[in-house]
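Remarks on the overall topology
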Amino acid sequence: MSLPALDRLVPAHIQRFEPYYPSKPDHVLKRMYHVDTLHRLNNNENPLGPPAAVHRLVESFSPETVPVYPNGDCFDLRLQLAQKFSKDPDQFLVGNGSCEVISSVIKAFCEEGDNIITADKTFAVYEWVAEFSGIEARLIPLREGAFDPQAMLEAMDERTKILFVCNPNNPTGTYWDADTMKDFLERAGDGRIIVLDEAYFEYVDKADYPNGMELMRQHPNIIVFRTFSKMYALAAARIGYLCGSPEVVNIVRRTHIVYSVNTLAQMAAAAALEDDGPFIQATRRMVSEAKSLLCSLFDELGLEYVANEGNYVMVRLPMPDTLMYRKLMTRGIMVRTMTGFRFPNWIRVSLVERPVMEMFCQAFTEALRES
């Protein structure tokens with residue numbers, strides 16, 4: 001038997017798409033870069049977590065639960081989310097991370113010839129899922145580091161099905177305030193789905209930051225994405241969710257994979273929501289202190305940087321970002337190179353505890369001096 005004629009079997013839009021290769025496991029990376037410890041500042045994880053209630057749950061998790069399939073649609077977790085946000089359980093769908101719910105929404109509303117609209121420098125999965133699904137992704141340049149509402153509205157046509165707004169934006173941390181959001185929603189009308197990705201919602205403590213959960217009462221075409229990976233520190237569990245009007249969610253449910261969220265993830269997410277206020281406040285204090293430390297360093301070094309909302313900052317380098325990545329890796333620090341986000345020669349740094357931030361500052365300064 002020989003390899004099939006892949007150029008005949010594979011659709012053209014898949015042939016054009018470049019595969020994504022995640023980083024290697026830590027034990028492999030430590031061997032490659034000859035380091036004993038590796039501090040991961042590349043994925044915006046929360047080192048303070050998960051909350052204490054999740055610790056207790058994981059320690060008491062029974063092996064007898066493992067042979068049994070999880071609840072197929074996260075029934076108990078949806079009940080808890082509904083109670084927390086004063087909504088109906090049928091307004092929630094839970095997925096194996098936000099990436100799964102992104103895929104479910106695009107599959108539910110788009111077909112060949114349709115398009116979605118988002119920014120050119122934002123969370124890339126909206127664009128990727130659209131493109132490898134054969135759907136056009138219209139990418140609007142950021143304006144002063146933020147989503148450009150006017151340009152997004154002007155890009156709409158009769159085949160536009162979904163507009164994705166990452167609020168706050170990853171990686172710039174900029175956000176639309178309440179007035180900007182309300183104006184955009186009014187002008188966009190109710191003929192399309194508006195996705196508000198609020199993956200970093202719990203990190204924002206600004207009075208003018210809009211809450212998508214509340215806006216959907218007046219705009220039932222809104223779908224809100226949130227995740228347990230960032231603030232709640234359940235990244236390894238892979239669990240996120242969407243919320244929308246019952247009618248819209250009922251449509252998305254038709255394309256959504258059931259049984260994709262394991263039992264431990266469902267239980268951990270529910271536990272994380274219990275008395276989460278003190279944990280969120282502690283995390284915000286950690287992020288604020290880390291941000292202040294890094295901004296002072298970048299000011300001292302005369303480097304351009306972006307430090308807004310979220311638990312990350314970006315800095316522009318006087319060298320290729322891949323070179324800085326390698327230099328930091330040899331010192332046990334892993335950051336995110338940003339060329340793939342269309343920010344060539346920038347890196348993004350997660351904001352964590354002070355001792356690790358101080359290690360980063362020392363390693364970063366040494367790496368610059370070597371160049």
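Worth saying up front: this structure is predicted, and the values here are computed from it rather than measured.

Scanning the chain from N- to C-terminus turns up 15 helices and 13 strands. The C-alpha radius of gyration computed for the chain amounts to 21 Å, which stays within 12% of the reference 21 Å derived for 371 residues, consistent with globular compactness. Taken over the C-alpha atoms alone, the chain extends approximately 65 × 55 × 50 Å along its principal axes. Here the chain, with 371 residues, has 52% of them falling under the buried criterion. By sequence separation, contacts in the chain at least 24 residues apart represent 73% of the contacts at least 6 residues apart. For the chain, the exposed area adds up to about 17700 Å²; of that, 52% sits on carbon and sulfur atoms. Measuring between centres, the 38 positive side-chain charges of the chain sit 4 Å from its 49 negative side-chain charges.

Here we come to the UniProt feature "domain: Aminotransferase class I/classII large" (unreviewed entry) in the chain. UniProt annotation of "domain: Aminotransferase class I/classII large" (unreviewed entry) refers to residues 40-364 when read in the numbering used here. The span residues 40-364 is 38% helix and 17% strand, and its two end C-alpha atoms sit 14 Å from each other.

We now examine the sheet that holds strand β13 (residues 346-350). If you trace the four strands from one edge of the open sheet to the other, you get β9-β10-β13-β12, paired in antiparallel fashion. Of all the strands in the sheet, the pair left with one neighbour each is β9 (305-306) and β12 (336-337). Sheet strands in contact with helix α13 (residues 277-301) are β9, β10 (312-316) and β13, and its direction is about 10° off that of β10. Along the sheet face, helix α14 (residues 321-329) touches β12 and β13 and points at about 40° away from the line of β13.

Let us look at unusual backbone geometry. Glycine aside, residues mostly have negative phi angles, and peptide bonds mostly take the trans form. The amide bond that connects Gly49 to the next residue, Pro50, takes the cis arrangement and shows omega of 0°. Summarising the element assignment, Pro50 is placed in the loop between β1 (39-40) and α4 (52-59). Here the amide bond leading from Asn167 into Pro168 is cis, since omega sits at 5°, within 30 degrees of zero. Here Pro168 is to be found in the loop between β5 (160-166) and α9 (178-188). Positive phi is not limited to glycine here, since Cys74 has a value of about 55°. Relative to the helices and strands, Cys74 is located in the loop between α4 and α5 (75-85).

What follows is about the environment of Leu38. Mapped onto the fold, Leu38 is located in the loop between α3 (26-33) and β1. Overall, Leu38 belongs to the buried group, its relative accessible area being 11%. Distance from Leu38 to Leu142, taken between C-alpha atoms, is 33 Å for residues 104 residues apart in sequence.

Where helix α6 (residues 98-109) meets helix α11 (residues 246-253), the closest approach of the two axes is 8 Å, and the angle between their N-to-C directions is 95°. By the criterion of interaxial angle, the relationship of α6 to α11 is roughly perpendicular. Contacts between α6 and α11 involve Ser104, Val105, Ala108 and Phe109 on the former and, on the latter, Val248, Ile251 and Val252. Here the contact of α6 with α11 is built from residues that sort into six nonpolar, one polar and no charged.

Moving on to the nonpolar core. Counting 121 residues, the largest nonpolar core has Leu77, Ile162, Ile223, Phe228, Phe360 and Phe364 as the members making the most contacts within it. If you tally residues by element for this core, the top one is α13, at nine residues. Dropping the residues within four chain positions of it, Ile223 is found in contact with Val105, Phe109, Ile193, Ile194, Val195, Leu196, Leu242, Cys243, Val248 and Val252.

Right, let's talk about the side chain of Thr263 for a bit. Relative to the assigned elements, Thr263 resides in helix α12 (residues 263-272). For Thr263, the contacting residues outside a window of four places in its chain are Phe61, Thr65, Val68, Tyr69 and Pro70.

Using the criterion set out here, one finds 19 aromatic pairs in the structure. When the centroid spacing of 5.4 Å and the interplanar angle of 85° are considered together, the rings of Phe17 and Phe132 count as edge-to-face. A residue pair is termed long-range when its members are at least 10 positions apart, and Phe17 in the loop between α2 (12-15) and α3 and Phe132 in helix α7 (residues 125-132) qualify at 115 residues. Using a relative accessible area of 27% as the deciding quantity, one classes Phe17 as partly exposed. Residue Phe132 is classed as partly exposed on the basis of its relative accessible area, which comes to 37%. Residues Tyr126 and Phe164 carry aromatic rings whose centres are separated by 4.7 Å and whose planes lie at 15° to one another, so their mutual orientation is stacked. Linking Tyr126 in helix α7 with Phe164 in strand β5, this pair joins segments that are 38 residues apart in sequence.

Next up on the list: the pairing of β10. Most of β10 sits inside the fold, with four of its five residues counted as buried. In this structure, the hairpin formed by β9 and β10 is closed by a connection of five residues, where Gly310 is found at a positive phi of approximately 90°. Bridging between β10 and β13 involves five bridges; their strand directions are antiparallel. Counterpart to Val315 in the pairing with β13 is Ile347.

Conventions we followed
Here the residue index of a chain counts from 1 through its sequence in written order. The predicted nature of this model means local features are confined to residues of pLDDT at least 70 and side-chain atom pairs, given and counted, to a pLDDT of 80 or more, with totals for whole chains, interfaces and linings taken over all residues. Excluding hydrogens and water, the side-chain values take into account all heavy atoms of the structure. A helix here means a DSSP run of H or I that spans at least four residues, while a strand means a run of E at least two residues long, and both kinds are numbered starting from the N terminus. All radius of gyration figures rest on C-alpha atoms, and the globule criterion is 2.2 Å times the number of residues raised to 0.38. Each residue is assigned to one of three classes by its accessible area relative to the maximum for its type, calculated with a 1.4 Å probe on protein chains only: buried under 20%, partly exposed between the two thresholds, exposed over 50%. Whether two residues are in contact is decided by their heavy atoms, any of which lying within 4.5 Å being enough. Computed with the Shrake-Rupley method and a 1.4 Å probe, the accessible areas treat only the protein chains shown as cover for residues. Under the convention used here, Asp and Glu are negative, Lys and Arg are positive, and both His and the chain ends fall outside the count. Every charge is mapped to an atom, namely NZ of Lys, CZ of Arg, CG of Asp or CD of Glu. UniProt positions are given in the numbering used here, feature names are shortened, and annotations may be inferred rather than shown by experiment. Should DSSP find at least two bridges between two strands, the strands are taken to pair. Fitted lines through C-alpha atoms give the axes, limited to the stretch in contact for helices. The angle between two N-to-C directions lies from 0 to 180 degrees. Under this scheme an angle from 65 to 115 degrees is roughly perpendicular, one under 35 degrees roughly parallel, and one over 145 degrees roughly antiparallel; angles in between are oblique. Gly counts as polar in this scheme, as do all residues outside two lists: the nonpolar Ala, Val, Leu, Ile, Met, Phe, Trp, Tyr, Cys and Pro, and the charged Asp, Glu, Lys and Arg. Each nonpolar core is a collection of buried residues, namely Ala, Val, Leu, Ile, Met, Phe, Trp, Tyr and Cys, held together in the definition by side-chain atoms within 4.5 Å. Aromatic rings from Phe, Tyr and Trp, with only the six-membered ring used for Trp, were paired whenever their centres fell within 6.5 Å, and each pair was classed as stacked if the ring planes differed by under 30 degrees, edge-to-face if by over 60, and tilted otherwise.

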